[in-house]
Amino acid sequence: MSDNRYDVIIIGTGAGGGTLAYHLAPSGKRILILERGDYVPREKANWDPQVVNVDAHYNAKESWLDKDGKDLHPHTNYNVGGNTKFYGAALFRLRKEDFGELRHHGGISLAWPLSYDDLEPYYTQAENLYQVHGNRGEDPTEPPANSAYPWPAVSHEPRIQQLSDDFARSGLKPFHVPVGVMLDEKNPHKSRCIRCNTCDGFACLVGAKSDAQVVCIDEAIKHSNVTLLTNSLVKRLETDSSGREVKSVVVERYGSLETYSADVIVVSCGAINSAALLLRSANDKHLRGLANSSDIVGRHYMGHTNSVMMAISKCPNPTIFQKTLGVNDFYFGSKDFEYPMGHISFVGKLDAITLKAGAPAIAPNFTLELMAKHSLDFWLTSEDLPDPNNRVTIGRDGKIVLTYTPNNLEAHERLQGKLKQAMKQTNCAMHGHECHQGLFGRNLYVGQRIPLAGVAHQNGTIRFGHDPKTSVLDANCKAHDVDNLYVVDGSFFPSSAAVNPALTIMANALRVGDHLMKRLGVSETTYEQNRQQDRELAVSR
């Protein structure tokens, strides 16, 4: 066998590609993982807000174009582990209803070609793999699960617990956000996670965040049949003369072009770059882009309508790990608004340095340092709807062009209003209802929509479905037009729901992995024997 010939090539190491590589590693099949970036260097700067949030030191060093032809500097990361290296590790299941057709104020959210029940066992596997901490039964919208979370929820610190109690007294049902961190609160001296304030948006210097590099890639490459090549940018995919099979993957490494081939090619570059790769791989059999007879590749881009809202209190908020509280009471609507609104939770605790990069001067009596010490930093997510004109294309100069017009905005504005109303009902033991300062009544809120460059929740550009005329992939995430091409990042989403897509991407990668093992003829006996050897080696280490 040629050194450049493999059974499976996986392009990308994030939530989709990394999870799939981990799942396939014990199969014994020859697997090549291609990552355009390198490992995030372990250095003190990993936890420096000036370096990370202001200087954007770890962000991709490239520019795209927006619909007006203006430069767009994406907040994305090309590293082993992909964007999971810098995510906040909030790992939600989509709601059961999200898999069906939902009517929104702004239009229709499409049904998926599989049901929640089809994905439920894989959600459980993904939660175990990524060590998700949570409590079943608290979230009023959570879907049914056949097992408890593998770890108890991360506890609230006092200020967040106070807010949770206030919300509960007002009639809401606050819950603990499920997060993937390697935290053992009962045995803190043994805990890998130290519960720091540099989790959300930062790479974890101690390797205690459940990202795809630490959890999956590092384990996968312990297998002799798995090869990882970093600094390997896939330029295009080339088909055979029939156009029905990818015969070669053209890679640029250190300024030179190399070619690799495999029986199965899996693309997982993120919804934007995966679409761009297929579009760049056009040939005489695929004139509009690889696997694009439907003209769907790149279309229906979604990334959620996200915003950060700061509530400033007279009482300080000394919370270190803030991302523990969520509210989903308005996820599917309310008595005064029948349409879905979305999800409320927290971002990591903001500091003065980060605020300086983007916050306006909202009150003359509040310095940035004082704001940071007294702020509650909410993250709001509403579903954006699939629009064929929201799309990824390739410009004449080869740059990615991201065209996006926000939609379903009424839902997000209503969600912001619900949070404002809820905050007015909080009751401080020291200041009563006067604790929150105010632009609206006695409350002070800074609302900032996440700009187009914030592509952390990207999905929808290569959606799956049963009809080749309206989808690119089948229900197993194989291209309708190409027999050996799969996509396992967020591209496959036909709708975006209103929670972080990461766990769904991970669960789907495990599902597709099972399908691929059948396709590749991997025996269950061999696979389980190899997994048992892995477990024994882990214990011995």
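Keep in mind the model is a prediction, meaning the values are calculated, not measured.

A. Structural detail: the overall build of the protein. Secondary structure summary: the protein contains 11 helices and 21 strands in total. Taking 24 Å as the expected radius of gyration for a compact globule of 541 residues, we find that the protein reaches 23 Å, a close match to that expectation. Oriented by its inertia axes, the alpha-carbon framework of the protein measures out at about 75 × 55 × 45 Å. Of all 541 residues assigned to the protein, the portion counted as buried reaches 59%. Restricting to contacts in the protein with at least 6 residues of sequence separation, those with at least 24 account for 73%. On the protein, roughly 21700 Å² of surface is accessible, and the fraction owed to carbon and sulfur atoms is 50%. For the protein, the separation between the mean place of its 57 positive charges and that of its 61 negative charges on side chains is 2 Å.

B. Inspection of the packing of aromatic side chains at higher detail. Evaluation of the coordinates by the stated rule reveals 14 aromatic pairs. Grouped by ring-pair contacts, the aromatic residues F99, W112, Y116, Y123, F464, F492 and F493 constitute a single cluster. Looking at R30, its charged tip hangs above the ring of Y6, at a distance of 4.3 Å from the centre. Above the plane of the ring of Y331 lies R95, whose end atom (NZ or CZ) is 6.0 Å from the centre.

C. Inspection of the sheet that holds strand β19 (residues 400-403) at higher detail. Spatial ordering of the open sheet is given by β4-β3-β19-β18, a layout of four strands whose pairing is mixed. In this open sheet, the two edge strands, each paired with only one partner strand, are β4 (71-72) and β18 (391-394). Relative to β19, β18 is paired through four bridges, and the arrangement is antiparallel. Its bridge partner lying in β19, T393 is registered against V401.

D. Main features of empty space enclosed by the protein. In total, this model carries five cavities of 30 Å³ or more according to the counting rule given. R95, D139, E142, Y149 and P178 are, among the 13 residues lining the largest cavity, the residues nearest its centre. For the lining of the largest cavity, the per-class residue count stands at five nonpolar, two polar and six charged.

E. Structural view of unusual backbone geometry. A positive phi angle is found at A89, which is not glycine, with a value near 60°. Its place among the elements puts A89 in the loop between β4 and β5 (102-104). A positive phi is found at H304, a non-glycine position, where the angle reads about 75°. Within the secondary structure, H304 sits in the loop between α6 (271-280) and β14 (305-312).

F. Main features of the state of the cysteines. This structure, assessed with the given rule, holds zero disulfides. C204 takes part in no disulfide bond, and the closest cysteine sulfur to it belongs to C196, at a distance of 6.1 Å. For C204, a relative accessible area of 15% gives the class buried. A disulfide-free cysteine, C477 has its sulfur positioned 14 Å from the sulfur of C269, the nearest such atom.

G. Region of interest: the pairing of β19. Here β19 shows no split at all, with I400 and L402 on one side and V401 and T403 on the other all buried. The antiparallel hairpin formed by β18 and β19 contains five residues in its connecting segment, where G398 sits at a positive phi of about 85°.

H. Looking closely at the packing of helix α3 (residues 116-129) against helix α10 (residues 502-519). Remark: α3 packs on α10, axes separated minimally by 8 Å, with the N-to-C direction vectors making an angle of 110°. By the angle class used here, α3 and α10 are roughly perpendicular. When you trace α3 past α10, the crossing you get is right-handed. Judged by residue contacts, L119, Y122, Y123, Q125, A126 and E127 of α3 engage L503, T504, M506, A507, N508, L510, R511 and D514 from α10. Per-class residue counts for the contact of α3 with α10 are eight nonpolar, three polar and three charged.

I. Representation of the nonpolar core in the model. Membership of the largest hydrophobic core comes to 116 residues, with the highest contact counts inside it found for I9, I11, Y130, L237 and L485. Of all the elements, α10 adds the most residues to this core, at 10 residues. Leave out the neighbours within four places in its chain, and L237 touches I11, V246, S248, V249, I265, V267, L277, L278, S281, L290 and L485. Counting 20 residues, the second largest nonpolar core, distinct from the first, contains F167, V327, L376 and F378.

J. Fine view of the side chain of N459. By secondary structure assignment, the location of N459 is in the loop between β20 (445-449) and β21 (485-487). N459 gets classed as buried once you look at its relative accessible area, which sits at 0%. Here the side chain of N459 touches H457 through a polar contact of 2.8 Å, landing on its backbone oxygen. What N459 contacts, discounting residues up to four positions off in sequence, is A271, H300, Y301, M302, G303, G490, S491, F493, S495 and S496.

K. Spotlight on the packing of helix α1 (residues 17-24) against helix α5 (residues 212-220). Two elements in contact, α1 and α5, have axes separated by 8 Å at closest approach and are oriented at 45°. Between α1 and α5, the crossing angle belongs to the class labelled oblique. Where α1 crosses over α5, the two elements pack in a sense that is left-handed. Mapping the contact onto sequence places G18, T19, A21 and Y22 in α1 and V215, C216, I217, E219 and A220 in α5. Residue classes in the contact of α1 with α5 are distributed as six nonpolar, two polar and one charged.

L. Layout of the confidence of the model for the protein. Taken as a whole, the protein shows an average pLDDT of 93; of its residues, 94% reach a score of 70 or greater. The weakest mean pLDDT in the protein belongs to β20 at 56; the strongest belongs to β21 at 99. In this model residues 438-445 is a low-confidence stretch, pLDDT under 50, and it forms 27 contacts with partners more than four residues away in sequence or in other chains.

M. Molecular detail of the pairing of strand β17 (residues 375-382). Counting buried positions along β17 yields eight of eight residues, so the element is predominantly enclosed. Side chains S375, D377, W379 and T381 project from β17 onto one buried face, and the interleaved L376, F378, L380 and S382 project onto a second face that is buried too. Looking at chain direction, strand β16 (residues 343-346) and β17 are connected through four bridges and run antiparallel. Paired with H343 across the strands is T381, a residue of β17.

Criteria and cut-off values
- Counting from 1, residues in each chain are numbered in the order their sequence is written.
- Residue-level local features of this predicted model are given only where pLDDT is at least 70; pairs of side-chain atoms are given and counted only at 80 or more, and the full residue set underlies all totals for whole chains, interfaces and linings.
- For side-chain calculations, the full set of non-hydrogen atoms in the structure is used, while hydrogens and water are omitted.
- The helix count covers DSSP runs of H or I at least four residues long, the strand count covers runs of E at least two residues long, and both are numbered beginning at the N terminus.
- Computation of the radius of gyration draws on C-alpha atoms alone. For the globule rule, the value is 2.2 Å times the number of residues to the power 0.38.
- Any residue under 20% of the maximum accessible area for its type is buried, any over 50% is exposed, and the rest in between are partly exposed; the area is computed with a 1.4 Å probe on protein chains only.
- By the convention used here, residues are in contact when the closest approach between their heavy atoms is within 4.5 Å.
- Using a 1.4 Å probe, the Shrake-Rupley method yields the accessible areas, and only the shown protein chains count as cover for residues.
- Positive: Lys, Arg. Negative: Asp, Glu. His and the chain ends are not part of the count.
- Note on charges: their place is set at NZ of Lys, CZ of Arg, CG of Asp or CD of Glu.
- Here the aromatic set is Phe, Tyr and Trp, taking the six-membered ring for Trp, and pairing holds for ring centres within 6.5 Å; pairs whose planes are under 30 degrees apart are stacked, those over 60 apart are edge-to-face, and all others are tilted.
- By definition, being over a ring means that NZ of Lys or CZ of Arg is both within 6 Å of the ring centre and within 35 degrees of the ring normal.
- In this scheme, strands are said to pair when DSSP sees at least two bridges between them.
- The way it works is a 1 Å grid over only the protein atoms, where trapped points that fit a 1.4 Å probe form a cavity and open points with protein on both sides within 12 Å along at least five of seven lines form a pocket, and then any residue with an atom within 4 Å of a point lines it.
- Grid points are joined across faces, edges and corners, and a volume is the space filled by probe spheres set on the points.
- Each residue gets one of three labels, nonpolar for Ala, Val, Leu, Ile, Met, Phe, Trp, Tyr, Cys and Pro, charged for Asp, Glu, Lys and Arg, and polar for the others, Gly among them.
- Disulfide: a pair of cysteine sulfur atoms within 2.5 Å of each other.
- Think of each axis as a best-fit line through the C-alpha atoms, taken over the contacting stretch in the case of a helix, with angles from 0 to 180 degrees between the N-to-C directions.
- Convention used here: angles under 35 degrees read as roughly parallel, angles over 145 as roughly antiparallel, angles from 65 to 115 as roughly perpendicular, and any remaining angle as oblique.
- Crossing handedness follows the turn of the near helix against the far one: under a right angle anticlockwise gives a left-handed crossing, and clockwise gives a right-handed one.
- To qualify as a nonpolar core, a set must consist of buried Ala, Val, Leu, Ile, Met, Phe, Trp, Tyr and Cys residues joined through side-chain atoms within 4.5 Å.
- Under the rule applied, a polar contact is a pair of N or O atoms within 3.5 Å (in protein, one hydrogen donor and one hydrogen acceptor; residues adjacent in sequence only if both atoms are side-chain atoms).
- Values of pLDDT, ranging from 0 to 100, describe the predictor's confidence in every residue of the model.

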